[in-house]
Each structure stands twice: as C-alpha cells, then as structure tokens.
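# Coordinates in review
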Amino acid sequence: MLPQRLVVGLACALLFSPILGLSLCLVWLAVYLLLQLAEAAAFASVTRGQAMTLKGWRGALGDLALTANAGVYASIAIPLWTMGGLPGGVVATTLLAAGAINSVIASAGNLRVFIWTVTPQVAVLALTPFFMAQSNVQGRFILPVAVGVLAFVFFCLTTRSRLYAAGAAEARALKEADDKRREAESIMAGRSALLAAVAHDLRTPIGAILTGAHELSRVAAPSSSSTRQQTAMIEDAGLMMKELLDDLLDHARLDAGRLKVETRGFDLRDLLNHTFRLWQGPVRAKGLRLRLDGSRYMPRVVQGDAMRLRQVLNNLISNAVKFTDSGAVTVRLCAWRDEAGRHVLLIDVADTGPGMTTSQLERLFTPFDQTADGVAARYGGSGLGLAISRDLIELMGGRLTVRSEAGQGSTFTVALTLSEGEEDGEVAAFLAAPPLAGASSAATPPRRPLPVDAPPAPREETETPLAAAPAEPDHDVERPLRVLVVDDHAINRRAVQVILQALDCELTMAEDGMAALKACDADVFDVIFMDVRMPELDGRETTRRLRAGGGPNADAPVIAVTADTSPEDIAACLEAGMNHFVAKPLTPAVLLTALSEVLAPAGDAELGAQAVA
C-alpha cells in the first residue's frame, strides 16, 4: 500500500502544479510523504502480524496518523477550488470522491479505520456547495449538488455496511470450512488409527490360521485327500483375509495422506528378476506362459522406493494372471535417459484375458469398484489394488495407464522417471528378501503360490548356515539352533514355534522386552525374533538396550516382527539395530526366508532367497 500511495501523491503534485504552482505542490507533497511514513511506522506491528489491532496510546497515535493522512490528502481540494475556480473544483470533487471510495473499500472490515479515513474527505466534500457559491454558480445548480453530496455520503455508508456484512459472511464461511476440514481430518485420523489398530490385532489370528493350515498340510497323510482339501481351503481363506486387510490399510493411509514413498538406492534389475521368479510357479500352475522382454536394457542402480515399486508390479501381474484363462502374461521393459540424465522407465504388463469395455475402463481406478457384477465372487479381492497402485506411482512422480478392448486383453503401463543412484547396502540387505517378506498384500501371489514344505538343510550338515553358532566353540557346532521369540501375544509365539519345530530348534519364549533382556543375559541365541509393538518396552528399544549392553547376544541377529511396514517404520527398525524384518501375519515362507537371510553368508543367502522365490 505504501508504494502505491507515494506514487499517487507524486502524480497529484505534478498534475496540479500548473493550477497551484510548483512550490505549493512540493510543500504539500513533502507533508503528505512524511505523514505516509508516520502512518507506516505507527501500524508496523499490525502489518508484520505481531498484533491484530493497536491499543492504548499506540491506538490513539494510529488514529491521529490516519486522520492527518486523510486530511492532508483532502486539503488539496481547497486550493484547487480557490485558485482554480470551477474547473479546479471539478478536479477537487473527483479527487475527493475517488479517495472516499478507496477508503470505504480499504476499511470495510474495521469501523474505526473507516471513521478516521473517510470523515476528513467527506467533510471537505460537503463544502462543495459553499465553494460553488463563491464561484458565482447559479443557485439552481447548487441545490442538486448538495443533494448529490448527501447521496454520496449515504452511498459510502451503505456500501461500507454491505462490504462489512459480506466480509463477515466470508469469514464465517471460511471458519466453518476450516472447522469442517479439521473435523474431517480428525475423522480420517481416527479412522486410520482404528484401521491400523484393527489391522495389527487381526494379523495375529490370521497368522495363526496360516501357520496352522501349513502345518496340517505338511503332516497330513498322502491318502487323506479330504484333509488336504480342507487345509488348502483354510490357507486360501487366510491369504484372502490378509490381502483384504493390507489393501484396506494402504487405502486408509493414502486417504489420510500418511503413506509416503522413500528415495533410496536399489538394484532395479535384481528387483525385476526377483519379481519375475516369484510369479513363474503360479503362472505355470494355471497353464499360462510368463514372458519378460527387455530386462537387459534396464539400468542397474537407481533412486526410488523399491518396496512400493515391487508392490505395484506384483499387483499388476497378479491381476493379469487372475483374469487370464489361456495364453500369456508379458512384462515388457523399456528405458532411456532424458536430457537431465535420469532414467525414464516404461513397464508394460500385458495379458491375453477378456479385456475391458469403455465403461469398465472409466471405473477401473475407482476404489471398491470391480467394474462388473460377479467379479468379487469369482476372483476375490477388494477392488482397491489398482487404485492403490495408481496413487503409489503418482506419489513417485509417475503415471499408471491402461489400454484395453473387449476380447483383446489389457495392457497396463507404468511410466516412471528415476535418478541414477548408489545402492544403499544397509537398506538393500534389509529389503533383499523376496516379496513374500514384504509389506503389502500386492506383494503376495495368488492363493497357495509357493510350496514351502521343505525345511532348510538337515542339521547333520554342519556347514549349513542354519547350524552356524558364532558365539560357541567349534566342538558345539552341531547343537540345535537356539532361537529367542519375543512377543506379547501367545498366539504369535505359538505360530513361530509351530513353524520352527520342524527344524528341531531350541526355542525360548519371552512375553515382553524386559523378559527378553533377562533371557539374553542368561543364555546365548543364534537369532532373535523381536515383536516391534509391545507394552512398556517395545521391540526397538529392547534391541537398542541389547546392542548397547555388550552382553553375550549384543551381536545376535534380530529379526523385527511387525505389522507396521511403512518405509519410516523400516528405517526406525534399522536405526534401532535390527537386521531384518518379517511382516505379520507370519507365514512359513516369510519366516524361513528371513531366517536364511540373517544366518547365511552373503552368497548362500542369495541362493536361499532364490530357492524360496
């Protein structure tokens, strides 16, 4: 506002100098500029946002500055009338009317400012009939001008009243909108918290169902076909529950804006190869062909979120396999560098399924909408996978699109730009397990995807990693694997026990962090499964104390067991000193793979991971 007023004052002085003389105009301009600076100083705390209004002597000083400023501006009209005659009076009247209107608009929200800025200008404007009489204007013209001045004053008052009412209504509307936004955010936060809590609690019984079904199928007699069918049904239902649960949790996080993507270095080729190998078994089991084209042209190490990219790819391949009854699923890869040196990736997942109509394509990415009746009953799922995948790719700065025609199959395309990067060794090792150990339902293949009936190498092979005992002398190398299971829920401890009993492990159970630390002081363990969420002392703090204590298990591998698998949660586990993680609900494949990862040397661990995948 101050620069604009200075320009207006300078323009008035220059324009009026032919009428009033340069000396008078310069004196008026000097006084006007000084008053502008005085007003700016008086209201400095308000303009800087330090105070809403001026009070006490500062308020009185502000009122004086406003009145003096408006009065000096209006005072130029008097010499215009007296020295310029009727033409000068026309200029003066126009100037005062414009100034009064500007003050009305500027002070619409503050009655105090309105009074002190408009009053001086209206007062001088009210003298217009008097000045007209001094200029020998006929009386029949003076009366209409006087009425016009009164009408103008009335117009200023009513306009200010309307502007104030409109401003107040807008302020109320903004406040109501802000209150509703806060209420919606509170509801969303509450819903997300509820879903997170329910998801965490439901993963425990789901894990028990999956573990029990796997154990039943492992020990069932070959001739008991009915038993195998029943355990397969239980396992299928458990996997379906897990997928629905993970989709709902991801959807809630995206709605609440709490789902973030990481930017870390990872091996893109390794990720693609793991994903491709994961789906070879399920695709062959359905009688389909799985093709991978262009992998040798892909960059190796890039910057991005490996876990979320793998989640999207697994979801797209899962859908392609699910809806294709015959033919092939093809993954086509293409990459090039843009002008900035970044890698532009195009990943096509094409199938030979039934394709989609135009109306189905329009509804494809709508949450909970499976585009056609009977899809959920025949194929299962929640209708969230593609919506989540699209949102994840957009969070990574890319796009997910689809091309399809009825009877011609469908092609989903991921377009993504990733920067060149250096592989983060710590994070890469933490995420190196196959997708079955990952965080998302989209990383889980169709029901009964991989047989994991065979345990790791027998105990009598002393060179196997599972028999290694770094803290023990060589003569004790063939002792059973010693495992500490820390979890506040008995069902989770029992699930780990059922899975590992085939390995003839020595299992020690601890129901909280303090009990785990006492157990670690009393015995030496080869590996520790540590629940992250526990009352009093959680898994991360327990691991920190274990590492800092310098006891016999200070360097023991710790596997985090958690339902919280966002990048932030994984990073927190790494910082606490954990070596690996498995996502609830626990399954034999997840548990045994993680065990191989932390106990095997680097080369053997990679072979073990590939075998499970």
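All values derive from a computational prediction rather than experimental measurement.

## A look at the overall build of the protein
- Of regular secondary structure, the protein possesses 21 helices and twelve strands.
- Considering the protein as a whole, with its 613 residues, one finds that 48% of them fall into the buried category.
- Partitioning the intrachain contacts of the protein with sequence separation of at least 6 by distance along the chain shows that 71% fall at a separation of at least 24.
- Taken as a whole, the protein presents about 29,700 Å² of accessible surface, with 59% of it coming from carbon and sulfur.

## Re the pairing of strand S7 (residues 410–420)
- For strand S3 (residues 301–304) and S7, the ladder comprises two bridges, and the chain directions are antiparallel. Considered in S7, the bridge of Gln303 is made with Ser419.
- As consecutive antiparallel partners, strand S6 (residues 399–404) and S7 are separated by five residues, and within that stretch Gly407 has a phi angle of approximately 80°, a positive value.

## Overview of the sheet that holds strand S10 (residues 527–531)
- Taking strand neighbours across the sheet as the criterion, the five strands line up as S9-S8-S10-S11-S12 in an open arrangement whose pairing is parallel. The open sheet has two free edges, formed respectively by strand S9 (506–510) and strand S12 (580–583), since each of these has just one partner strand. The average angle at which neighbouring strand axes cross in this sheet is 20°, direction not considered.
- Examined bridge by bridge, strand S11 (residues 558–562) and S12 share four bridges and lie parallel to one another. In the strand pairing of S12, Thr562 is matched with Ala583.
- Contacting strand S8 (482–486), S9 and S10, helix H16 (residues 490–500) runs over the sheet at an angle of about 175° to S9.
- Along the sheet face, helix H18 (residues 539–549) touches S10 and S11 and points at about 145° away from the line of S10.

## Here we look at the packing of aromatic side chains
- According to the stated counting rule, one finds five aromatic pairs in the structure shown.
- Of the aromatic side chains, those joined through ring pairs into one cluster are Trp28, Tyr32 and Tyr73.
- Against the face of Phe114 rests Arg160, its NZ or CZ located 5.7 Å from the ring centre.

## Focus on the packing of helix H4 (residues 56–75) against helix H5 (residues 77–106)
- Here H4 crosses H5 at 135°, and the two axes come no closer than 9 Å. One element, H4, and the other, H5, form an angle in the oblique class. Each of Tyr73, Ala74 and Ser75 in H4 lies in contact with H5, whose residues at this interface are Ala77, Ile78, Pro79, Leu95, Leu96 and Gly99.
- Here the contact of H4 with H5 is built from residues that sort into seven nonpolar, two polar and no charged.

## Some remarks on the packing of helix H11 (residues 306–322) against helix H14 (residues 385–395)
- Where H11 meets H14, the closest approach of the two axes is 10 Å, and the angle between their N-to-C directions is 145°. As for the relative orientation of H11 and H14, their crossing is left-handed in sense. Counting all contacts with H11, which are made through Arg308, Gln311, Val312, Asn315, Leu316 and Asn319, the residues of H14 involved are Gly385, Leu386, Ile388, Ser389, Leu392 and Ile393.
- For the contact of H11 with H14, a count of residues per class yields six nonpolar, five polar and one charged.

## A closer look at the confidence of the model for the protein
- On average, the protein scores 77 in pLDDT, and the residues at 70 or more come to 77%.
- Every residue in residues 373–380 scores below 50 in pLDDT, and together they form ten contacts with partners more than four places removed in sequence or on other chains.
- In this model, residues 426–476 is a region of pLDDT below 50 whose contacts with residues beyond four sequence positions or in other chains number 121 contacts.

## With respect to the nonpolar core
- The biggest cluster of nonpolar side chains holds 41 residues, and the ones touching the most others in it are Phe266, Leu268, Leu316, Phe412 and Val414.
- When contributions to this core are tallied by element, the ones reaching two or more residues are helix H10 (268–285), H11, strand S4 (328–337), strand S5 (343–351), H14 and S7.
- When residues of this core are assigned to their parent elements, the largest contribution, eight residues, is made by H11.
- Sequence-distant contacts of Leu268, that is, excluding residues within four places in its chain, are made with Met298, Pro299, Arg300, Val302, Leu309 and Leu345.
- In terms of nonpolar packing, the next biggest core, distinct from the first, is built from 33 residues, Tyr32, Val137, Val149 and Phe152 among them.

## Side note on the environment of Ala594
- Relative to the elements of secondary structure, Ala594 occurs in helix H20 (residues 588–599).
- Taking relative accessible area as the criterion, Ala594 reaches 0% and is therefore assigned buried.
- For the pair Ala594 and Asn579, spaced 15 residues apart in the sequence, the C-alpha separation amounts to 9.7 Å.
- Discounting residues that sit within four places of it in the chain, Ala594 has contacts with Ile559, His580 and Val582.

What counts, and where the lines are drawn
Residues numbered from 1 in each chain as written. Predicted model: local features only at pLDDT ≥ 70, side-chain atom pairs only at ≥ 80, totals over all residues. Heavy atoms only, no water. Helix = DSSP H or I, 4+ residues; strand = E, 2+ residues; numbered from the N terminus. Buried < 20%, exposed > 50% of the residue type's maximum accessible area, 1.4 Å probe, protein only. Contact = heavy atoms within 4.5 Å. Areas by Shrake-Rupley, 256 points an atom, 1.4 Å probe, with all protein chains shown as cover. Pairing = 2+ DSSP bridges. Axes fitted to C-alpha atoms, helices over the stretch in contact; angles between N-to-C directions. Phe/Tyr/Trp six-rings, centres within 6.5 Å; stacked < 30°, edge-to-face > 60°. Lys NZ or Arg CZ within 6 Å of the ring centre and 35° of its normal. Parallel < 35°, antiparallel > 145°, perpendicular 65-115°, else oblique. Nonpolar A, V, L, I, M, F, W, Y, C, P; charged D, E, K, R; others polar. Left-handed = near helix turned anticlockwise from the far one by under 90°. pLDDT = per-residue confidence, 0-100. Core = buried A, V, L, I, M, F, W, Y, C linked by side-chain atoms within 4.5 Å.

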